[in-house]
Amino acid sequence: MVMKASLQLRVGTQLTMTPQLKQAISLLQLSTLDLRQEIQQALDANPLLDQEDEFSEQAAIDAPEDSWAESIPDELSVDSDWSDTYQDTPRANSSEGPDFDRQTAGQSLHGHLLWQLAMLDLEADDHVIAETLIDAVDANGYLTQSLDEMYSGLHHQGFDRIDPARMAAVLARLQQFEPTGAFARDLGECLTLQLDALPETTPLLMPARRLVRQFLPALGRNDSRLLKRRLGLDDAELDAVTGLIRSLDPRPGSAFDSVTDSAVIPDLLARRSEHGWHLELNPDAVPRLRIQPDYANLIKRADNSQDNRFLKEHLQEARWLIKSLSSRNDTLLRVGREIIARQLDFLDHGEQAMQPLVLADIASAVDMHESTISRVTTQKYLHTPRGVFELKYFFSSQLGGRDDSAHSSTAIRARIKKLVEQEPVGKPLSDSRLAMLLDEAGIHVARRTVAKYREALGIPPTSERRRRR
């Protein structure tokens, strides 16, 4: 075979990520606290940057400018594909909006567990137990204290009505939280919780549970002969069982950021007036920047001295930072206003009026990429009269109803919670009855979906609710 060299002309487009565009994208994804740190570092490193009480971009526009300065566009585009700059973690069903069991990026495990606890309707003593258990969870999701130790501590604090059986009951409810496997006391319990969450139709689920309960040390030694004999499996079945177990997460809490909880600073404020709802930036969220006038006035035309070049370079960096911050604020406002426009019913009536919303809806409305919307709504918070919410909270998957209507999963969970709260004493509503009542209200939800939401809310089954009442 003879290889021939040839030249080919191909036409294509490729996005070039300039340092300035990378900076704009980086600022866009930062939380308010991280952004403050970034701004403080810039203030310490750049003498041309100054902080002012009231933000004004005019200082940057009026600063000395010569032919050496790059032209800065009025609108700095940050809507590139994020994979061009950052490596994304693959996400299944990326077109779906985050659901109740989502993990909030950048949130600590402790904060995520407390967020789920807030959705439960617990008695005062049970709430104390739950908070004690959450405080005892380490970064990997395991309990660092035994129930006896925590019971003793609560007893010494004066909680006399709390007993070990009650603590065990609360622990069982918390073990239904996400991530699955949290609140385990050892590796075997962690893996068992994850196996119990799998469908009963999962192949070889029973021998996998038995292996985890009784023969984990043998699995650690890779003693396949013992495992096959004790579990009654052949080589192929044992390989399938061990593969299933190895697909589980032995450290379910490690997916969360190991950060300490801090006060949430809302980025946006929703206010209601006689003209309706209005959204605005929180003026106290981040410091306002301007060009330092004294240093800017020292810049001289056609001066190529080292000091003058130093001032020119830092002036250009300062102008780009101010423009990037302005672009970040504009993008955040556009996305926030579009979300609020679609969730006015929630602001007026609460969770039961939450509308279905996915990333693609907002991306299409503001003409941005879905990945951009995901980053804009992560660790960005909105203050409303109903409380402070992460922007991701307003996204909820859609379930069908009669007459082509649709309902958000958040609204359905709120309805289930309300129905259970109003159920007759001694006559708790079964999952089938709850599904029937929802269907009568025009919400068609399968019984297994009702059971899933009930468990996610920490509501016990009918038999347990009947005993408690």
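The residue numbers shown here count from 1 along each chain, following its written sequence. Where local features are concerned, this predicted model is filtered to residues with pLDDT of at least 70; where side-chain atom pairs are given and counted, the filter is 80 or more; whole-chain, interface and lining totals use all residues. The side-chain figures draw on all heavy atoms in the structure; neither hydrogens nor water molecules are used.

> Summarise the overall build of the chain; cite the residues concerned and give the values.
Where helices and strands are cited, they refer to DSSP runs of H or I of at least four residues and of E of at least two residues respectively, numbered from the N terminus. Within the chain, the regular secondary structure consists of 21 helices and eight strands. Looking at the chain residue by residue over its 469 residues, the buried ones come to 45%. Residue contacts follow a heavy-atom distance rule, with two residues in contact if any of their heavy atoms lie within 4.5 Å. Taking the contacts inside the chain whose residues are at least 6 apart along the sequence as the reference set, 68% of them involve residues at least 24 apart. Each accessible area value is a Shrake-Rupley result obtained with a 1.4 Å probe; residue values ignore everything except the protein chains displayed when judging cover. Put simply, the chain shows about 25800 Å² of open surface, and 47% of that area lies on carbon and sulfur atoms. Only protein chains enter the area calculation, which uses a 1.4 Å probe; residues under 20% of their type maximum are buried, those over 50% are exposed, and those in between are partly exposed.

> I'd like a description of the nonpolar core, backed by residues and values.
Throughout this description, the term nonpolar core refers to a set of buried Ala, Val, Leu, Ile, Met, Phe, Trp, Tyr and Cys residues connected via side-chain atoms within 4.5 Å. Core analysis: the biggest nonpolar cluster contains 28 residues, and Ile 339, Ile 362, Ile 373, Leu 382 and Phe 394 have the highest contact counts within it. Residue assignment for this core shows that the elements contributing at least two residues are β2 (268-273), β3 (276-281), α14 (306-342), α15 (344-349), α16 (359-366) and α17 (370-376). If you tally residues by element for this core, the top one is α14, at five residues. Of all hydrophobic cores here, the second largest spans 24 residues; its members include Leu 122, Ile 134, Ala 136 and Val 137.

> A description of the packing of α14 against α16 should follow, citing residues and the corresponding values.
Contact geometry for α14 and α16: axes closest at 10 Å, N-to-C directions at 120°. Here α16 runs oblique to α14, going by the angle between their axes. The chirality of how α14 crosses α16 is right-handed. In this structure, α14 uses Arg 334, Val 335, Glu 338, Ile 339 and Arg 342 to contact α16, whose residues at the interface are Asp 361, Ile 362, Ala 365 and Val 366. Looking at side-chain class alone, the contact of α14 with α16 contains five nonpolar, no polar and four charged residues. What counts as an axis is a line fitted to C-alpha atoms, over the stretch in contact for a helix, and the angles between N-to-C directions run from 0 to 180 degrees. Relative orientations are named as follows: roughly parallel for angles under 35 degrees, roughly antiparallel for angles over 145 degrees, roughly perpendicular for angles from 65 to 115 degrees, and oblique for any other angle. Crossing chirality is assigned from the near helix's rotation relative to the far helix, an anticlockwise turn below a right angle marking it left-handed and a clockwise turn marking it right-handed. The classification used treats Ala, Val, Leu, Ile, Met, Phe, Trp, Tyr, Cys and Pro as nonpolar, Asp, Glu, Lys and Arg as charged, and all other residues, Gly among them, as polar.

> Let's hear about helix α7 (residues 164-174): which residues, and what values?
Every buried residue of α7 is listed here: Met 167, Val 170, Leu 171, Arg 173 and Leu 174. Looking straight down α7, one finds that the buried residues subtend no more than 160° of arc, so they occupy a single side. The arc in question is the one spanned by the directions pointing from the helix axis to the C-beta atoms.

> Before we move on, could you go through the pattern of salt bridges and cite the residues and values that matter?
We define a salt bridge as a side-chain nitrogen of Lys or Arg found within 4 Å of a carboxyl oxygen belonging to Asp or Glu. Enumeration according to the criterion identifies 14 salt bridges in this entry. Two residues, Arg 290 and Asp 50, come together in a salt bridge whose shortest N-O distance is 3.1 Å. A residue pair is termed long-range when its members are at least 10 positions apart, and Arg 290 in strand β4 (residues 288-291) and Asp 50 in strand β1 (residues 49-52) qualify at 240 residues. Look at Arg 290 and you get partly exposed, because its relative accessible area is 28%. Through salt bridges with shared partners, one network takes in Glu 123, Asp 125, Asp 126, Arg 161 and Arg 166.

> Which residues make up helix α19 (residues 431-440), and what values go with them?
Asp 431, Leu 434, Ala 435 and Leu 438 are the residues of α19 that are buried. For α19, the buried positions fall inside an angular range of 100° around the axis, keeping them on one side. Positive backbone phi, at 90°, marks Gly 442, one or two positions downstream of α19.

> Help me get a handle on the packing of aromatic side chains, residues and values and all.
Centres within 6.5 Å make a pair out of two Phe, Tyr or Trp rings, where for Trp the six-membered ring is used; the pair is then stacked when the planes are under 30 degrees apart, edge-to-face when over 60, and tilted otherwise. Applying the stated criterion across every chain, the model contains seven aromatic pairs. Relative to Phe 389, the ring of Phe 346 lies with its centre 5.4 Å away and its plane at 80°, an arrangement referred to as edge-to-face. Here Phe 346, found in helix α15, pairs with Phe 389, found in strand β6 (residues 387-390); they are 43 residues apart in sequence, far enough to count as distant. The residues Phe 346 and Phe 389 share a single accessibility class, namely buried. Ring geometry for Tyr 393 and Phe 394: centres 5.7 Å apart, planes at 80°, overall edge-to-face. A relative accessible area of 9% places Tyr 393 in the buried class. Here a set of aromatic residues connected by ring pairs shows up, and it is made of Phe 346, Phe 389, Tyr 393 and Phe 394.

> So what's going on with the sheet that holds β3? Which residues, and what values?
In sheet architecture, strand pairing relies on hydrogen bonds along the backbone and comes in two forms, parallel and antiparallel. Should DSSP find at least two bridges between two strands, the strands are taken to pair. The mixed open sheet is built from four strands, whose spatial order is β3-β2-β5-β6. Bordering the open sheet on either side are β3 and β6, each of which pairs with just one other strand. The sheet shows a mean angle of 25° between the axes of neighbouring strands, taken without regard to direction. Across the sheet, α14 is in contact with β2, β3 and β5 (381-384); its angle to β3 comes to roughly 160°.

> Please give an account of the confidence of the model for the chain that cites residues and values.
Mean pLDDT over the chain: 77, with 78% of residues reaching 70 or higher. Across the chain, each position has a pLDDT score giving the predictor's confidence in that residue, from 0 to 100. Per-element confidence in the chain ranges from a low mean pLDDT of 40 for helix α3 (residues 58-62) to a high of 91 for β5. Taken as a whole, residues 54-72 scores under 50 in pLDDT and shows 34 contacts with residues more than four places along the chain or in a different chain. Predicted confidence is poor over residues 80-106, with pLDDT under 50, and the contacts of this stretch with residues over four places away or in other chains come to 64 contacts.

> Mind laying out unusual backbone geometry, listing which residues take part and the relevant values?
Omega for the bond connecting Glu 178 with Pro 179 falls within 30 degrees of zero, at 0°, which places this linkage in the cis form. As for its position among the elements, Pro 179 is in the loop between α7 and α8 (187-196). In the Ramachandran plot, Leu 204 falls in the positive-phi region, its phi being about 60° despite a non-glycine side chain. Residues other than glycine seldom take positive phi values, yet Asp 367 does so here, at roughly 60°. Here Asp 367 lies in the loop between α16 and α17.

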